[in-house]
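Chain and residue survey
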Amino acid sequence: MSRHVVMGAGPTGRAVAALLVGRGVPVRQITRRGTGLEHPLVERVAADARDVDRLVGLVGGAEVLINCAMPPYDRWITDAPPLAAALLTAAEHAGARYVMLGNLYGYGHVDGPITEDLPMAPVSAKGRVRARMWLDALAAYEAGRVEVTEVRAAGFLGEGVLSPFTLSVAPQVLAGEVASYPGRLDVPQSWSYVGDVASALVAAAHDTRSWGRAWHVPAANIPVRELAERFAKLTASPDPRLERLDRDALLTLAERNPLFGELVEMLYATENPHVLDSTDTEHALGVAPTALDEALLATARGLAR
């Protein structure tokens with residue numbers, strides 16, 4: 001089978017590479033430092049994604065380019081657009097189908113289930129960046145320059161992933177400490193298991209219905225308090241003690257750590273119900289959600305390392 005190029009070697013990039021080589025598909029995994037999955041079918045390459053000419057050469061001859069890379073959260077607004085532009089250019093010039101890993105920021109505030117047919121209506125700076133990245137790719141598709149799709153995930157669960165739950169709730173629950181969450185504790189939120197993210201990316205890459213549209217990763221829709229209680233029970237941890245970080249609390253914390261300031265504009269998503277609908281992905285692509293308990297146990301394993 002033709003080589004697939006996977007950009008990024010975080011938990012999602014490694015999971016995608018593992019799925020592909022499990023099917024006998026050769027993978028070229030590109031990262032800044034040349035890291036990636038260790039496997040005979042994986043060629044690990046060090047490259048700067050800002051070097052568009054080199055990127056075009058590395059993607060050349062590939063059937064599919066799957067992007068799982070994203071800059072650090074506090075540099076997201078400045079660093080994500082040039083990365084997205086370089087990858088779109090590489091896919092177009094190399095003639096590769098392009099699968100983007102996205103999130104829900106571009107939708108903005110939504111009353112009711114979030115479905116793929118909703119327009120981009122961002123209400124934050126990060127949301128505007130996310131929407132523009134997709135709309136630029138969609139414009140290239142509509143102009144006949146490249147086949148592109150975006151797979152959108154919610155807050156991550158799983159081994160080694162970074163999300164509000166894995167950073168500010170799960171470790172504290174395991175340690176019997178007070179956990180602080182940026183948002184309300186009792187409104188439904190969506191959580192995507194990293195294995196399901198990888199499965200959706202690979203499924204979308206190989207389905208002729210994918211191009212020119214988005215797909216949603218199957219998600220568990222559950223308030224963070226209930227999620228923490230379930231996590232504590234599964235890991236035999238003390239009953240969770242959670243506190244809510246509101247806007248004022250985040251701004252105070254941001255005086256010592258600017259990363260907290262990045263969360264302020266996203267409170268619209270965690271202060272209100274944020275429910276992802278993945279019906280299309282489950283029915284058309286055949287990606288079923290992993291059991292929530294399995295996802296939480298994988299999260300715990302990652303934190304124990």
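The structure this text deals with has already been given above.
**Structural notes on helix α8 (residues 224-234)**
Taken residue by residue, α8 has V224, L227, A228, F231 and A232 as its buried positions. Along the long axis of α8, the arc covered by the buried residues comes to 135 degrees, so they all point the same way. With its phi angle positive at about 55 degrees, A236 sits one or two positions after the end of α8.

**A look at the sheet that holds strand β9 (residues 189-193)**
Strand order in the open sheet formed by three strands is β7-β9-β11, and the pairing between neighbours is mixed. Every interior strand has two partners, whereas the edge strands, β7 (155-157) and β11 (220-222), have only one. Averaged over all adjacent pairs, the angle separating strand axes in this sheet is 40 degrees, with direction ignored. In this structure, β7 lies alongside β9, joined through three bridges in parallel fashion. Directly across from F156, in β9, lies its bridge partner S192. Sheet strands in contact with α8 are β7, β9 and β11, and its direction is about 110 degrees off that of β11.

**Digging into the packing of helix α3 (residues 76-94) against helix α4 (residues 125-142)**
Put simply, α3 and α4 touch, their axes get as near as 10 Å, and they point 10 degrees apart. When the axes of α3 and α4 are compared, the pair comes out roughly parallel. Across the interface between the two elements, W76, I77, A80, P81, A84 and L88 from α3 touch A125, K126, V129, R130, M133, D136, A137 and A140 from α4. Tallied by class, the residues present in the contact of α3 with α4 amount to eleven nonpolar, no polar and three charged.

**Focus: the side chain of E271**
Following the sequence through the fold, E271 ends up in the loop between α11 (267-270) and α12 (279-285). A relative accessible area of 13% means that E271 is categorised as buried. Here R244 takes part through its side chain, which lies 2.9 Å from a polar atom of the side chain of E271.

**A look at the packing of aromatic side chains**
Applying the stated criterion to the full structure yields three aromatic pairs. Ring centres of W76 and Y105 lie 6.0 Å apart, and the angle between their planes is 65 degrees; on these two criteria the pair is classed as edge-to-face. With W76 in helix α3 and Y105 in the loop between β5 (97-102) and α4, the pair connects residues that are 29 residues apart, well separated along the chain. Look at Y105 and you get buried, because its relative accessible area is 17%. Judged by centre distance (5.7 Å) and plane angle (90 degrees), the rings of F165 and F231 are edge-to-face. Taken together, the residues F165 in helix α5 (residues 164-168) and F231 in helix α8 connect sequence positions 66 residues apart. F231 shares its class with F165; the two are buried. In this arrangement the basic side chain of R213 is found over the ring face of W215, its NZ or CZ atom lying 3.6 Å from the centre.

**Brief notes about the sheet that holds strand β2 (residues 27-31)**
Spatial strand order, β3-β2-β1-β4-β5-β6-β10: seven strands in an open sheet with parallel pairing. With one partner strand each, in any of the chains shown, β3 (42-46) and β10 (214-216) form the two edges of the open sheet. Averaged over all pairs of adjacent strands, the angle between strand axes in this sheet comes to 20 degrees, irrespective of strand direction. Pairing geometry for strand β4 (residues 64-67) and β5, over four bridges, is parallel. When the sheet's bridge partners are listed, N67 is paired in β5 with M100. In the packing of helix α2 (residues 52-59) onto the sheet, contacts are made with β1 (4-7), β2, β3 and β4, and the angle to β2 comes to roughly 165 degrees. Against the sheet, α4 engages β5, β6 (148-152) and β10, with an angle of about 150 degrees to β6.

**Topic: unusual backbone geometry**
Negative phi values dominate among residues other than glycine, just as trans dominates among peptide bonds. Even without a glycine there, the phi angle at A236 is positive, about 55 degrees. In this fold, A236 is placed in the loop between α8 and β12 (241-244).

**Some remarks on the nonpolar core**
Counting residues in each nonpolar core, the largest one holds 54 residues, and the members touching the most others are V16, I66, F165 and L201. Sorting elements by how many residues they give to this core places helix α7 (residues 194-205) first, with nine residues. Apart from residues no more than four positions distant in its own chain, V16 is found in contact with V6, I66, C68, A198, L201 and V202. Formed by 27 residues, the second largest nonpolar core is a distinct cluster that contains V5, L55, A69 and V148.

Calculation criteria
- Once a new chain begins, its residue numbering starts again from 1 and follows that chain's sequence as written.
- At least 70 in pLDDT is required for a residue's local features to be given in this predicted model, at least 80 for side-chain atom pairs to be given and counted, and no such filter applies to totals for whole chains, interfaces and linings, which use all residues.
- Each side-chain value is worked out from all heavy atoms of the structure, with water and hydrogens disregarded.
- With a 1.4 Å probe rolled over the protein chains alone, any residue whose accessible area is under 20% of its type maximum counts as buried; one over 50% counts as exposed, and the rest are partly exposed.
- In DSSP terms, a helix is any run of H or I states spanning at least four residues, a strand is any run of E spanning at least two, and both are numbered starting from the N terminus.
- Arc definition: it is the arc formed by the directions from the helix axis to the C-beta atoms.
- Between any two strands, at least two bridges found by DSSP are needed for them to pair.
- For helices, the fitted axis covers only the stretch in contact; all axes are lines through C-alpha atoms, and the angles between them, taken along N-to-C directions, range from 0 to 180 degrees.
- Any pair of residues with heavy atoms lying within 4.5 Å of one another is described as a contacting pair.
- An angle below 35 degrees is read as roughly parallel, one above 145 as roughly antiparallel, one from 65 to 115 as roughly perpendicular, and any other as oblique.
- Each residue is assigned to one of three groups, with Ala, Val, Leu, Ile, Met, Phe, Trp, Tyr, Cys and Pro labelled nonpolar, Asp, Glu, Lys and Arg labelled charged, and all others, Gly among them, labelled polar.
- Polar contact is defined as a pair of N or O atoms within 3.5 Å, subject to the rule that within protein one atom must be able to donate a hydrogen and the other to accept it, and that residues adjacent in sequence are counted only when both atoms are side-chain atoms.
- Only rings of Phe, Tyr and Trp enter the pairing, Trp through its six-membered ring, and a pair is recorded when the two centres are within 6.5 Å. The plane angle decides the type: under 30 degrees is stacked, over 60 is edge-to-face, the rest tilted.
- To sit over a ring, a charge needs its Lys NZ or Arg CZ within 6 Å of the ring centre and within 35 degrees of the ring normal.
- The nonpolar core is taken to be a set of buried Ala, Val, Leu, Ile, Met, Phe, Trp, Tyr and Cys residues, with the residues joined through side-chain atoms within 4.5 Å.

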